[in-house]
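For reference, the chains in residue letters:
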Amino acid sequence: MKPESFNLMIGSINFKTIVAFLAMSGVAVVAGLVAATGSPILVVMVIGMLSGVALLMAPQLSIWMLLLLGMFSGFVVSLGPEFSKMPWALTLLSILLLLPVMIKFIENNKIPAFIWIALIFMIYAVLASFVQWQSLSQFIAGFKRYFQMYGLMFALALLTFKPEDYKRWFKLMLIIALAQLPFALYERFVLVSWRSGSGSIVGAEDTDVVAGTLGANLEGGSSNAEMAAFLIMTMAFLIGRWKGGMVEKSRTAWLCLLCLLPLGLGETKIVILLLPLVWLIMMREDFKNKSSRFLLQFLGLLIVTSSFGLIYIGLNKSTATDVLTQSLSYNVGTQGYGNVILNRTTAISFWWANHNWNDTLELLLGHGLGSSYFNPSNPVAGHIGVQYIGYGIDLTTVSSLLWDTGVLGLLLFFTVFIIAWMSAGRLRKISCSPEVIADALAIQACIAVLLIFTYYDMALVNVLPFELIAAAILGYLGYLVRQQNSSSPPEMPTSTRDKKY
């Protein structure tokens, strides 16, 4: 080769080319090392990372994957231990969405207040964990559990998508809600029999496995309450669209029935609280304007709710008085919940008993992300969780937040939902779009459900599908508020005033 040709070739190689070559070489080496281990978990995580980087160029596709795979992740994980790390790939995909989102925080001045507070809470939790540092593994595991779907929430709220995208994602979540019925039927008539051991004697603990796609566990607790909450929140959106004249009454009735059927297949006593609450929020204006029809509908709802209560009493082979007494004892009494010492109330009082103003730093900042978590099947346990094995200090979202992020973290967490509720209420008052008004009302009902779950269990900081649901609701609200704050009228999916769904 002539010197002139060699110099010309070298001159054509720029810095970006060298970086790309080195990056591809590094990826090839890492991929080869991972493949050599023969570990399917590592292979899936590397593929997820590489795919996630590529998907940054197509955030719409990332959201499709998160919604679809995330809502089925509980079912996939239940198939076997080889799928246990699948949520990590979804978490990585969601976290990668934070990269383009951070640019929006810098250049956009129309960001909803509750989205800002959510970002502040995430930054605060990280800084507080550094102040109370314990170990890298505990921090990473804790960050993953708390913020695994924040990327999805921020992306839905801030990235630029077409109105039709939100319409399609809305329909996808409706389809997933309807898909809970066949999964619940399989779990009720197959998995419950396996769990009971005989198939003839079935109790409430056995039907706990009826959790749809959100996660059935043959050996322990399942996400049956989270499935019930998801279906009831879906019903809220359907009722909102019906009230706004966008969905026919008969179609709304059939869709709501399909959403409610899985609730009667398992142990879903939380339904007795959630159904009336959501109905009252959705119909509260009718109480003033159409009181007679409201009372008639509410009577019918009480009959449906009572039937769920009777199902639970029958599964427990007990009386209503005994069930009520038992429920009170492990909710507001002193009896432990399940196989742990604490219950939903004593988990909070126990935290207070172990903190005082002499330990101001731990009282206000907590002990760091992941510090309260303990699961015998998970090798990464929190140092406080290990200290109180068997107590269940992480039983609920509230108790987990208090131990991990302190009083300040708990206040920030609740502020997100309070401001979101107020933002949805403001949308209902100032918007001229029937779609926005209907969805804002439904979002308020969903926020009420999510707030109840902060006291009910730790799903909002530990269960990926339920965190995804919360992120999708808040992210969609963020989109509606951001559009309202812009100079143009709220941009919604193609108007449905003259079109029935």
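Residues numbered from 1 in each chain as written. Predicted model: local features only at pLDDT ≥ 70, side-chain atom pairs only at ≥ 80, totals over all residues. Heavy atoms only, no water.

K.L.:
Teacher, can you tell me more about the overall build of the protein chain here?
P.N.:
Looking only at helices and strands, the protein chain features 23 helices and zero strands. Within the span of the protein chain, comprising 501 residues, buried residues form 51% of the whole. In the protein chain, of all internal contacts separated by at least 6 residues, the share reaching a separation of at least 24 is 72%. Surface accessibility of the protein chain: about 23200 Å² in total, with carbon and sulfur atoms responsible for 69%. (Helix = DSSP H or I, 4+ residues; strand = E, 2+ residues; numbered from the N terminus. Buried < 20%, exposed > 50% of the residue type's maximum accessible area, 1.4 Å probe, protein only. Contact = heavy atoms within 4.5 Å. Areas by Shrake-Rupley, 256 points an atom, 1.4 Å probe, with all protein chains shown as cover.)

K.L.:
Looking at this structure, how should I read the side chain of Gln444?
P.N.:
Topologically, Gln444 is positioned in helix H22 (residues 434–456). Taking relative accessible area as the criterion, Gln444 reaches 2% and is therefore assigned buried. Excluding residues within four positions of it along the chain, Gln444 makes contact with Ile281, Arg284, Trp421, Ala424, Gly425 and Arg428.

K.L.:
Help me understand helix H13 (residues 224–243) in this model?
P.N.:
Within an α-helix, residues lying three or four positions from one another point in the same direction, as the helix has 3.6 residues per turn. Taking 1.5 Å as the rise per residue, H13 with 20 residues should run 28 Å; its terminal C-alpha atoms sit 29 Å apart, in good agreement. Counting buried residues in H13 gives 18 out of 20 residues, a clear majority hidden from the surface. In the stretch just after H13, Gly245 is the one whose phi turns positive, near 80°. (Expected span 1.5 Å × (residues − 1).)

K.L.:
Looking at this model, I keep getting lost on the packing of helix H21 (residues 397–430) against helix H23 (residues 464–485). Mind explaining?
P.N.:
For any two helices packed against each other, one specifies the inter-axial angle together with the distance between the axes. Where H21 contacts H23, the axes come no closer than 10 Å and their chain directions differ by 45°. What the angle tells us is that H21 and H23 run oblique. The element H21 and its partner H23 pack so that their crossing is left-handed. Contacts from Val416, Phe417, Ala420, Ser423, Ala424, Arg426, Leu427 and Ile430 in H21 reach Leu474, Leu477, Leu480, Val481, Gln484 and Asn485 in H23. (Axes fitted to C-alpha atoms, helices over the stretch in contact; angles between N-to-C directions. Parallel < 35°, antiparallel > 145°, perpendicular 65-115°, else oblique. Left-handed = near helix turned anticlockwise from the far one by under 90°.)

K.L.:
For this particular structure, what's the right way to read the packing of aromatic side chains?
P.N.:
As enumerated under the stated definition, the model contains 32 aromatic pairs in all. Relative to Phe237, the ring of Phe170 has its centre 5.7 Å away and its plane inclined at 80°; by these criteria the two rings are edge-to-face. Taken together, the residues Phe170 in helix H10 (residues 163–178) and Phe237 in helix H13 connect sequence positions 67 residues apart. Residue Phe237 is classed as buried on the basis of its relative accessible area of 11%. (Phe/Tyr/Trp six-rings, centres within 6.5 Å; stacked < 30°, edge-to-face > 60°.)

K.L.:
Which parts of the structure should I look at to understand the environment of Leu441?
P.N.:
Summarising the element assignment, Leu441 is placed in helix H22. Residue classification places Leu441 among the buried positions, given a relative accessible area of 8%. For Leu441, the residues in contact, after removing those within four places along its chain, are Lys243, Ile281, Met282, Arg284 and Arg428.

K.L.:
Hey, could you run me through H23 in this one?
P.N.:
Taking 1.5 Å of rise per residue, 22 residues should cover 32 Å, and H23 covers 31 Å from first to last C-alpha, within 8% of that figure. Most of H23 sits inside the fold, with 21 of its 22 residues counted as buried.

K.L.:
Before we go on, may I ask you to explain the nonpolar core in this structure?
P.N.:
When a protein is soluble and globular, its nonpolar side chains tend to lie buried together. Judged by nonpolar contacts, the single largest core of 124 residues is most densely connected at Phe154 and Phe466. Examining the composition of this core, we find that 14 residues originate from one element, H23, more than from any other. Beyond its immediate chain neighbours, meaning those up to four positions away, Phe466 contacts Glu226, Ala229, Met233, Leu450, Phe453, Ala459 and Leu460. Grouped together as the second largest cluster of nonpolar side chains are eight residues, Leu181, Leu191, Val210 and Ala216 included. (Core = buried A, V, L, I, M, F, W, Y, C linked by side-chain atoms within 4.5 Å.)

K.L.:
I'm lost on a nonpolar patch on the surface in this one. Help?
P.N.:
A cluster of nonpolar side chains, contributed by Ile123, Leu127, Phe130, Trp133, Leu136 and Ile140, occupies part of the molecular surface with about 580 Å² of accessible area. At the level of secondary structure, the elements contributing two or more residues to the nonpolar patch comprise helix H7 (113–131) and helix H8 (136–147). For the nonpolar patch, the leading source of residues is H7, giving three residues. Among the secondary structure elements, Ile123 is positioned in helix H7. Under the relative-accessibility criterion, Ile123 is labelled partly exposed at 43%. (Patch = residues over 30% accessible without salt bridge, like charges linked within 9 Å, V, L, I, M, F, W, Y side chains within 5 Å. Salt bridge = Lys/Arg side-chain N within 4 Å of Asp/Glu carboxyl O.)

K.L.:
Please explain the side chain of Ser73 as it appears in this structure.
P.N.:
Mapped onto the elements, Ser73 comes out in helix H4 (residues 59–77). Polar side-chain contacts of Ser73 include one of 2.7 Å to the backbone oxygen of Gly70. (Polar contact = N/O pair within 3.5 Å; in protein donor to acceptor, adjacent residues only side chain to side chain.)

K.L.:
Would you mind going over the confidence of the model for the protein chain with me for this structure?
P.N.:
Keep in mind that low pLDDT regions are not for reading the predicted coordinates in detail. Taken as a whole, the protein chain shows an average pLDDT of 81; of its residues, 78% reach a score of 70 or greater. Ranking the elements of the protein chain by mean pLDDT puts helix H1 (residues 3–12) last with 45 and H21 first with 96. Within the model, pLDDT remains below 50 along residues 5–13, and this stretch shows two contacts once partners closer than five positions in the same chain are excluded. Note that pLDDT drops below 50 for residues 19–24; the model gives that stretch zero contacts with residues more than four away or on any other chain. (pLDDT = per-residue confidence, 0-100.)

K.L.:
Honestly, the environment of Leu156 in this entry has me stumped. Any pointers?
P.N.:
Structurally, the position occupied by Leu156 is in helix H9 (residues 150–158). C-alpha separation for the pair Leu156 and Tyr166, spaced 10 residues apart in sequence, amounts to 8.6 Å. When residues no more than four places from it in sequence are discounted, the contact partners of Leu156 are Ile63, Phe161, Tyr166, Trp169, Ala471, Ala472, Gly475, Tyr476 and Tyr479.

K.L.:
Is there a simple way to explain the packing of H10 against H23 in this structure?
P.N.:
The interhelical angle for the contact between H10 and H23, taken along N-to-C directions, is 150°, at an axis separation of 12 Å. Put simply, H10 runs roughly antiparallel to H23. With respect to the hand of their crossing, H10 and H23 are arranged in left-handed fashion. Residue-level inspection shows Pro163, Tyr166 and Met173 of H10 in contact with H23, the latter providing Leu468, Tyr476, Tyr479 and Arg482. Each residue belonging to the contact of H10 with H23 can be placed in one class, and the counts come to six nonpolar, no polar and one charged. (Nonpolar A, V, L, I, M, F, W, Y, C, P; charged D, E, K, R; others polar.)

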